[in-house]
Amino acid sequence: MRKVLVTGSSGLIGSACVSHFDAIGWEVHGVDNNQRRDLFGAEGDTSWNLARLRHGTRHFHHHDMDIRHRPAVLELLATLTPDFVIHCAAQPSHDLAASRPFDDFDINATGTLNLLEAVRQSAPEAVFAHLSTNKVYGDAPNEIPMRELPTRWEYDDPAYANGIDETMRIDRSKHSLFGASKLAADILVQEYGRYFGMKTACFRGGCLTGPAHAAVELHGFLAYLIACCRDGRPYTVFGYQGKQVRDNIHAVDVARVFEAFYENPRCGEVYNLGGGRANSVSVLEAIARAEAATGKKLAYTIIDTPRAGDHRCYITNLAKICRDFPGWSVTKSLDDIFSEIAAQKPR
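The numbering scheme is per chain: residues are counted from 1 as the chain's sequence reads. Note on the predicted model: pLDDT of at least 70 is required for a residue's local features to be given, and 80 or more for side-chain atom pairs to be given and counted; whole-chain, interface and lining totals, by contrast, use all residues. To obtain the side-chain values, all non-hydrogen atoms of the structure were used and water was disregarded.

1. Section: helix α4 (residues 70-80)
Then step 1. Every buried residue of α4 is accounted for by Ala72, Val73, Leu76, Leu77 and Leu80. One side of α4 carries all its buried residues, which in axial view fall inside an arc of 125°. Opposite its buried face, α4 presents the exposed residues Pro71, Glu75 and Thr79, each directed more than 90 degrees away.
Then step 2. Any two residues having at least one pair of non-hydrogen atoms within 4.5 Å are treated as being in contact. Helix and strand definitions here come from DSSP, where helices need a minimum of 4 consecutive H or I residues and strands a minimum of 2 consecutive E residues; each element is numbered from the N-terminal end. Each element contacted by the buried residues of α4 is listed here: β1 (3-7), β2 (27-31), β3 (60-63), β4 (84-87) and α5 (101-122).
Then step 3. Of the residues flanking the end of α4, it is Thr81, one or two places downstream, whose phi is positive at about 40°. Summary of the burial criterion: residues with accessible area below 20% of their type's maximum are buried, those above 50% are exposed, and those between are partly exposed, where the area comes from a 1.4 Å probe applied to protein chains only. Comment: arc refers to directions from the helix axis out to C-beta atoms.

2. Structural notes on helix α7 (residues 221-231)
Since one α-helical turn is 3.6 residues long, residues separated by three or four positions face the same way.
Then step 1. Across the 11 residues of α7, nine count as buried, placing the element largely inside the fold.
Then step 2. The complete set of buried residues in α7 reads Leu222, Ala223, Tyr224, Leu225, Ile226, Ala227, Cys228, Cys229 and Arg230.
Then step 3. Looking at the buried positions of α7, the neighbouring elements they touch are β9 (207-209), β10 (235-238), β11 (245-250), α9 (283-294) and α11 (334-343).
Then step 4. Just past α7, the residue Gly232 takes up positive phi, approximately 75°.

3. Concerning the layout of surface pockets
Then step 1. A pocket here means an open set of points on a 1 Å grid, computed over the protein atoms alone, that has protein on both sides within 12 Å along at least five of seven lines. A cavity is instead a set of points where a 1.4 Å probe fits but cannot get out; residues with an atom within 4 Å of a point line either one. Grid points are joined across faces, edges and corners, and a volume is the space filled by probe spheres set on the points. Roughly 200 Å³ of internal volume is contained in the second largest pocket.
Then step 2. Ser15, Ala16, Arg52, Ala212 and Val252 are the residues nearest the centre of the second largest pocket, which is lined by 15 residues in total.
Then step 3. Listed by contribution, the elements that provide at least two residues to the lining of the second largest pocket are α1 (12-23), α3 (47-56) and α8 (251-263).
Then step 4. The element best represented in the lining of the second largest pocket is α1, accounting for five residues.
Then step 5. Among the residues forming the lining of the second largest pocket, the class breakdown is eight nonpolar, six polar and one charged. In this classification, Asp, Glu, Lys and Arg are treated as charged, Ala, Val, Leu, Ile, Met, Phe, Trp, Tyr, Cys and Pro as nonpolar, and every other residue, Gly included, as polar.

4. Points about the packing of α5 against helix α6 (residues 176-194)
Then step 1. Axes, fitted as lines to C-alpha atoms, cover a helix only where it is in contact. Angles between the N-to-C directions of the axes lie from 0 to 180 degrees. It is at 8 Å that the axes of α5 and α6 come closest, and there the two elements cross at 10°. On the basis of their axis angle, the class for α5 and α6 is roughly parallel. Taken together, the residues of α6 that come into contact with α5 (itself represented by Pro101, Asp104, Phe105, Asn108, Ala109, Thr112, Leu113, Leu116, Glu117 and Arg120) are Leu177, Phe178, Ser181, Lys182, Ala184, Ala185, Leu188, Val189 and Tyr192.
Then step 2. When its residues are assigned to classes, the contact of α5 with α6 shows 12 nonpolar, three polar and four charged. Comment on the angle field: the value is read as roughly parallel under 35 degrees, roughly antiparallel over 145, roughly perpendicular from 65 to 115, and oblique elsewhere.

5. Concerning the packing of aromatic side chains
Then step 1. Each aromatic pair joins two rings of Phe, Tyr and Trp (for Trp, the six-membered one) with centres within 6.5 Å, and gets the label stacked for planes under 30 degrees apart, edge-to-face for over 60, and tilted for any other angle. Within this structure, the stated rule accounts for 14 aromatic pairs.
Then step 2. Between Phe21 and Trp26, the aromatic rings sit 5.0 Å apart at their centres with planes inclined by 75°, giving edge-to-face as the arrangement. Neither Phe21 nor Trp26 differs from the other in exposure class; each is buried.
Then step 3. With 6.3 Å between their ring centres and 85° between their planes, Phe261 and Phe325 make a pair best called edge-to-face. Taken together, the residues Phe261 in helix α8 and Phe325 in the loop between α10 (319-324) and α11 connect sequence positions 64 residues apart.
Then step 4. Judged by relative accessible area, which is 0%, Phe261 ranks as buried.
Then step 5. Feature note: the residues Phe203, Phe258, Phe261, Tyr271 and Phe325 constitute an aromatic cluster, connected by ring pairs.

6. Digging into unusual backbone geometry
Then step 1. The phi dihedral of Asn34 falls on the positive side, at around 55°, and the residue is not glycine.
Then step 2. Mapped onto the fold, Asn34 is located in the loop between β2 and α2 (35-40).
Then step 3. Phi is positive for Tyr240, close to 60°, though the residue is something other than glycine.
Then step 4. Considering the arrangement of structural elements, one finds Tyr240 in the loop between β10 and β11.
Then step 5. Residue class for Tyr240 comes out buried when judged on its relative accessible area of 16%.

7. A short note on the nonpolar core
Across soluble globular proteins, nonpolar side chains show a tendency to be buried alongside one another.
Then step 1. Judged by nonpolar contacts, the single largest core of 38 residues is most densely connected at Ile13, Phe84, Ile86, Phe203, Phe258 and Ile321.
Then step 2. Of all the secondary-structure elements, those providing two or more residues to this core are β1, α1, α3, β4, β5 (127-133), β8 (199-205), α8 and β12 (269-273).
Then step 3. Apart from residues no more than four positions distant in its own chain, Ile86 is found in contact with Val4, Leu5, Val6, Thr7, Cys17, Phe21, Ala129 and Phe258.
Then step 4. Each nonpolar core is a collection of buried residues, namely Ala, Val, Leu, Ile, Met, Phe, Trp, Tyr and Cys, held together in the definition by side-chain atoms within 4.5 Å. Among the nonpolar cores identified, the runner-up in size contains 23 residues, and Leu5, Leu115, Ala123 and Ala126 belong to it.

Written out as structure tokens, the structure reads:
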């Protein structure tokens with residue numbers, strides 16, 4: 001039986017990976033210490049998701065461990081020697097990083113280094129998929145010429161008609177400390193592939209979403225917005241008149257592309273990963289969709305100041321990832337995503 005280790009296994013993407021690989025017959029080991037609760041409070045608690053996984057899987061083993069603890073990481077990898085490592089654990093908030101910079105860097109950058117070196121020492125033939133972020137590009141995407149439409153910003157350059165590809169620069173821009181720590185991890189993952197010949201890839205996620213998200217205001221845009229509408233909570237829109245655009249991809253499609261990478265790995269590769277143009281939506285458009293999906297009105301306020309370094313419009317160009325993994329595609333539409341999250345019962 002093939003063996004996969006998933007970090008951040010109680011989170012949105014990690015739990016989707018646990019479920020996916022358990023369903024296809026892998027032995028699945030998850031690492032998670034519910035750090036999300038420490039970062040975001042009770043609303044970020046993922047213990048309910050861990051309970052769901054324990055109840056609904058057959059070959060899942062949970063390890064309550066902090067990836068910052070280097071000796072524990074080294075020991076676990078030496079014991080398990082997995083075939084595949086999917087690294088989803090992170091401090092994920094663009095904004096929270098500024099108030100907890102040491103935690104942010106130690107989790108995102110040093111934790112990634114701990115895992116990479118443990119894999120190199122104990123399982124050098126293993127495939128390593130790292131969940132990176134489009135924030136590694138900083139605010140450079142905002143330099144693309146744009147035009148303002150009634151409900152969204154749109155690229156005003158035909159070169160970006162299909163979105164942003166992997167040639168977007170990663171320096172000379174404002175990243176947020178979160179973007180900087182994730183970029184450090186991204187470069188490490190590439191280097192362990194290119195320098196040591198390990199089978200590694202960075203998947204630079206856009207807005208990753210789904211009903212298993214323990215969404216909070218500081219992280220989990222779409223799931224949080226829909227939950228506020230469903231549950232009658234107020235919502236704040238940060239800048240850009242609510243016309244900022246994101247493309248959204250369901251967690252199950254992320255898990256599927258990781259399997260595709262395992263079957264056809266590369267060394268030190270990077271991929272932009274999102275829902276693409278078909279799954280793009282502005283905040284204003286998302287509010288209208290959420291109201292339609294829930295049958296309720298959202299009480300929201302728009303403030304003038306955007307989040308520092310935030311993207312005005314980000315749509316993922318999926319050409320490279322679809323070329324390298326022709327059997328993979330986005331299967332969950334925006335309609336699917338909104339209906340699934342709207343149907344989720346409040347926790």
